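As a plain string of letters, each chain reads:
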Amino acid sequence: MRIVFFGDSITDCERDRNDEKSLGNGYVKVIADKLHPLYPDTDLELINKGVSGNEVCDLLARVERDVISLNPDAVVIMIGVNNTLHKFKYGKELNLKQFERDLVELLTRLKEAGIAVIFLEPFLMPAADKLRMRKLFDEELAVIDRVASEIADEFVAFDEMFNGLTITTPYSEYSTDGVHPTPRGSRLIANTAIKAIRKHLL
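What counts, and where the lines are drawn
- Residues numbered from 1 in each chain as written.
- Predicted model: local features only at pLDDT ≥ 70, side-chain atom pairs only at ≥ 80, totals over all residues.
- Heavy atoms only, no water.
- Buried < 20%, exposed > 50% of the residue type's maximum accessible area, 1.4 Å probe, protein only.
- Helix = DSSP H or I, 4+ residues; strand = E, 2+ residues; numbered from the N terminus.
- Pairing = 2+ DSSP bridges.
- Phe/Tyr/Trp six-rings, centres within 6.5 Å; stacked < 30°, edge-to-face > 60°.
- Core = buried A, V, L, I, M, F, W, Y, C linked by side-chain atoms within 4.5 Å.
- Contact = heavy atoms within 4.5 Å.
- Axes fitted to C-alpha atoms, helices over the stretch in contact; angles between N-to-C directions.
- Parallel < 35°, antiparallel > 145°, perpendicular 65-115°, else oblique.
- Left-handed = near helix turned anticlockwise from the far one by under 90°.
- Nonpolar A, V, L, I, M, F, W, Y, C, P; charged D, E, K, R; others polar.
- Right-handed = clockwise from strand over helix to strand, strands pointing away.

Caption draft 1: Quick look at the pairing of strand E1 (residues 2–7). When you tally the buried positions in E1, you get five out of six residues, the bulk of the element. Two elements, E1 and strand E2 (residues 45–48), share four bridges in a ladder whose sense is parallel. Directly across from Val4, in E2, lies its bridge partner Ile47.

And the structure:
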């Protein structure tokens, strides 16, 4: 069974572009380390196709090459936070209607290719410099949650979970900058996502 992980830096996590077997050092690697011992008799192939800095439109532009052409059984996607970050960092406009069209097309093309789609909700934790981004991110999340819940086979919520944890635990335990997970944050993503992934293991 082949599973492709598709997303931005949270998925990429310093993977070696010159090594197709490189899974990076984030949640993808944690999931691989957990799945292989659980399914020793299953031919599991996990492929990391995360690219740092990507937005939804970037995934749409490369979905044929990096996912569909590989004929995977499932794809695990986490994408969206950069669409908000780039608005504040670079002044790049976030058109929510175009964002929704791109997301719908991305997920629809994967489904039409016969690929099981497992969508991991992006998240934004309350780092001081991220608080001003919250309103726009919430508007974006409303689109993501609606579209992914309608089209994807599995939708795994993370934003409310992480922000709920930060009520009693400093957000820096899970992400030093509110976006990129620490090892603890990556383990939490993996432990939560793996429950949805295992439903689709052949």
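Having put the structure on the table, let's press on.
Caption draft 2: Representation of the packing of aromatic side chains in the model. Enumeration over the complete set of coordinates arrives at five aromatic pairs. Ring centres of Phe5 and Tyr27 lie 6.2 Å apart, and the angle between their planes is 70 degrees; this geometry places the pair in the edge-to-face category. You can see Phe5 sitting in strand E1 and its partner Tyr27 sitting in helix H2 (residues 27–38), a full 22 residues away along the chain. We note that Phe5, like Tyr27, is buried. Taken together through their ring pairs, the aromatic side chains of Phe123, Phe158, Phe162 and Tyr174 make up a single cluster.

Caption draft 3: Broad picture of the nonpolar core. In this structure, Tyr27, Ile77 and Leu110 are the most contacted members of the largest nonpolar core, which totals 67 residues. The dominant element in this core, judged by the number of residues it contributes, is helix H6 (residues 134–151), at seven residues. Once you skip the residues sitting within four places of it in the chain, Leu110 turns out to touch Val63, Val67, Ile68, Val75, Ile77, Ile115 and Val117.

Caption draft 4: Spatial organisation of the environment of Leu94. Positionally, Leu94 belongs in the loop between helix H4 (81–90) and helix H5 (96–112). Here Leu94 falls in the buried class, since its relative accessible area comes to 11%. Along the sequence, Leu94 and Leu136 sit 42 residues apart, while their C-alpha atoms lie 8.9 Å from each other. Ignoring sequence-local partners within four residues, the contact set of Leu94 consists of Asn83, Thr84, Phe99, Leu136 and Glu140.

Caption draft 5: Expanded view of the packing of H2 against helix H8 (residues 183–198). Put simply, H2 and H8 touch, their axes get as near as 8 Å, and they point 50 degrees apart. Considering their axes alone, H2 and H8 lie oblique with respect to each other. For H2 against H8, the interelement crossing comes out right-handed. Listed contacts from H8 to Tyr27, Val30, Ile31, Lys34, Leu35 and Leu38 of H2 are Ser186, Arg187, Ile189, Ala190, Asn191, Ala193, Ile194, Ile197 and Arg198. Of the residues belonging to the contact of H2 with H8, the class tally is ten nonpolar, two polar and three charged.

Caption draft 6: The arrangement of the pairing of strand E4 (residues 116–120) in detail. Extensive coverage of E4 is indicated by the burial of five of its five residues. Side-chain alternation along E4 places Ala116, Ile118 and Leu120 on one buried face and Val117 and Phe119 on a second face that is also buried. Strand direction decides the pairing type here: strand E3 (residues 74–78) and E4, joined by five bridges, are parallel. Paired with Ala74 across the strands is Ala116, a residue of E4. Two elements, E4 and strand E5 (residues 154–156), share three bridges in a ladder whose sense is parallel. Looking at the pairing, Ile118 lines up with Glu154 of E5. The parallel pair E4 and E5 is bridged by H6, and the resulting crossover is right-handed.

By themselves these figures say nothing about function.
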